[in-house]
Amino acid sequence: MPQRPYIVGNWKMHGTRAMLSEARAIDRAAQRLMKVEVAIAPPYTLIHPIHREAEQIAVGAQDCHEKEGGAHTGDISASMVADAGGKFVILGHSERRQDHREGNPLIRAKAESALAVGLRVIMCCGESEETRDAGDAVAFVTKQLKASLPPEIENPTELLAVAYEPVWAIGTGKTAQPSDIEEMHAAIRALLIKLYGEEHGEEVRILYGGSVKPENAAEIFAASNVGGALVGGASLTADSFMGIALAA
Ligand code: PEP
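An unreviewed UniProt entry lists the chain under the name Triosephosphate isomerase, from Erythrobacter longus. Under the heading Sequence similarities (unreviewed entry), UniProt records this for the chain: "Belongs to the triosephosphate isomerase family." Regarding the chain, the UniProt comment filed under Subcellular location (unreviewed entry) reads as follows: "Cytoplasm".

A. Just the overall build of the chain, in detail. A tally of regular secondary structure across the chain gives eleven helices and eight strands. C-alpha extents for the chain along the principal axes are approximately 45 × 45 × 35 Å. In the chain, buried positions account for 46% of the 248 residues.

B. Spatial organisation of the sheet that holds strand E7 (residues 205-209). Taking strand neighbours across the sheet as the criterion, the eight strands line up as E3-E2-E1-E8-E7-E6-E5-E4 in an open arrangement whose pairing is parallel. Each edge of the sheet is formed by a strand with only one pairing partner; in this case those strands are strand E3 (58-59) and strand E4 (88-91). The pairing of strand E2 (residues 37-41) with E3 spans two bridges and is parallel. Bridge assignment links isoleucine 40 to a residue of E3, and that residue is valine 59.

C. Geometry of the packing of helix H10 (residues 214-221) against helix H11 (residues 238-247). Closest axis-to-axis distance for the H10/H11 pair is 8 Å, and the angle between their directions is 25 degrees. Here H10 is positioned roughly parallel relative to H11, judged by the angle of their axes. When you trace H10 past H11, the crossing you get is right-handed. Counting all contacts with H10, which are made through Pro214, Ala217, Ala218 and Phe221, the residues of H11 involved are Ser240, Gly243, Ile244 and Ala247. In terms of residue class, the contact of H10 with H11 is built from six nonpolar, two polar and no charged.

D. Representation of the UniProt feature "active site" (unreviewed entry) in the chain in the model. UniProt feature "active site" (unreviewed entry): in the numbering of this structure it lies at His93 and Glu165. Their sequence span is 73 residues, while the largest C-alpha to C-alpha distance among them is just 8.3 Å; these annotated residues converge on one region. Here histidine 93 is to be found in the loop between E4 and helix H4 (94-99). The class for histidine 93 is buried, based on 29 C-beta atoms found within 10 Å.

E. Examining the nonpolar core more closely. Formed by 75 residues in total, the largest nonpolar core has its most connected members in Val89, Val121, Ile122, Met123, Val162, Ala229 and Ile244. Here this core takes six residues from H11, the largest share from any one element. Not counting residues within four places of it along the chain, the set of residues in contact with valine 89 comprises Gly60, Ala61, Asp63, Cys64, Ala78, Val81, Ala114, Leu119 and Val121.

F. Structural context of the UniProt feature "binding site: substrate" (unreviewed entry) in the chain. On the UniProt side, "binding site: substrate" (unreviewed entry) is annotated at positions that read Asn10, Trp11, Lys12, Gly171, Ser211, Gly232 and Gly233 here. A maximum C-alpha distance of 13.9 Å is found for the annotated residues, which run over 224 residues; spatially they form one tight group. Tracing the chain through its elements places asparagine 10 in strand E1 (residues 6-10). Ignoring any residue separated from it by four or fewer positions in sequence, one finds asparagine 10 in contact with Ala41, Gln62, Ile90, Leu230, Val231, Gly232 and Ser235. Its place among the elements puts serine 211 in the loop between E7 and H10. With sequence-adjacent residues up to four places away left out, serine 211 is seen in contact with Ala169, Thr172, Gly173, Lys174 and Thr175.

Parameters and conventions
Residues numbered from 1 in each chain as written. Predicted model: local features only at pLDDT ≥ 70, side-chain atom pairs only at ≥ 80, totals over all residues. UniProt positions renumbered as here; feature names shortened; annotations may be inferred. Helix = DSSP H or I, 4+ residues; strand = E, 2+ residues; numbered from the N terminus. Buried ≥ 20, exposed ≤ 12 C-beta atoms within 10 Å, placed from the backbone. Pairing = 2+ DSSP bridges. Axes fitted to C-alpha atoms, helices over the stretch in contact; angles between N-to-C directions. Parallel < 35°, antiparallel > 145°, perpendicular 65-115°, else oblique. Left-handed = near helix turned anticlockwise from the far one by under 90°. Contact = placed C-beta atoms within 7 Å. Nonpolar A, V, L, I, M, F, W, Y, C, P; charged D, E, K, R; others polar. Core = buried A, V, L, I, M, F, W, Y, C linked by C-beta atoms within 7 Å.

Rendered as structure tokens:
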């Protein structure tokens, strides 16, 4: 049975306790939209407060460390995310790949650590503008994704989602063409089937991310193999975020 569309908000480094009212509004709206699975990844500091109040939405983290614990000042492990009420973690986001020089082997280790404590992983992938202009986008993204994903996952349908996020579309107002999204998502689907077999590979949701807004969401969701969206800027207010969820 196809899974529900998965709409995930990435709050990035936005959000103090003043944003809890927005999370409440998202949760209330999600209770009236049961056909869509809504989740938000706030900064670490808001995971537990949102988890305590949320009735419908899941809360998760934007990253985790690859180790279970130890002398890693300033880091947060997957089990700490789970302990705070987190249900998933976004990994491999291009801002982590760029700002923190995270490479595919580290991202894979983080994914293994998250899965080991039962967190769902949202694995991001995406090409730069230069790579797309050179005509290498599909080859680059499939290679990046294959190197970032754990080769074995117990229940990929439940525990994995992939987010295709062209780097040039994140926070820029530029969005990929539906035909380009379809081409990339088809290649990702083929890779997932190769890695995890037909049954799971067909079911894992592939999200699109990159300047998704209420105004362009319906067109994006109409593209084949789009199982939801990873939303940055437009997830910061309940109105725009739930406008996107409604379009799903
Ligand atoms: C993101 O950061 O994952 C993202 C897609 O951001 P935005 O929607 O702002 O482009």
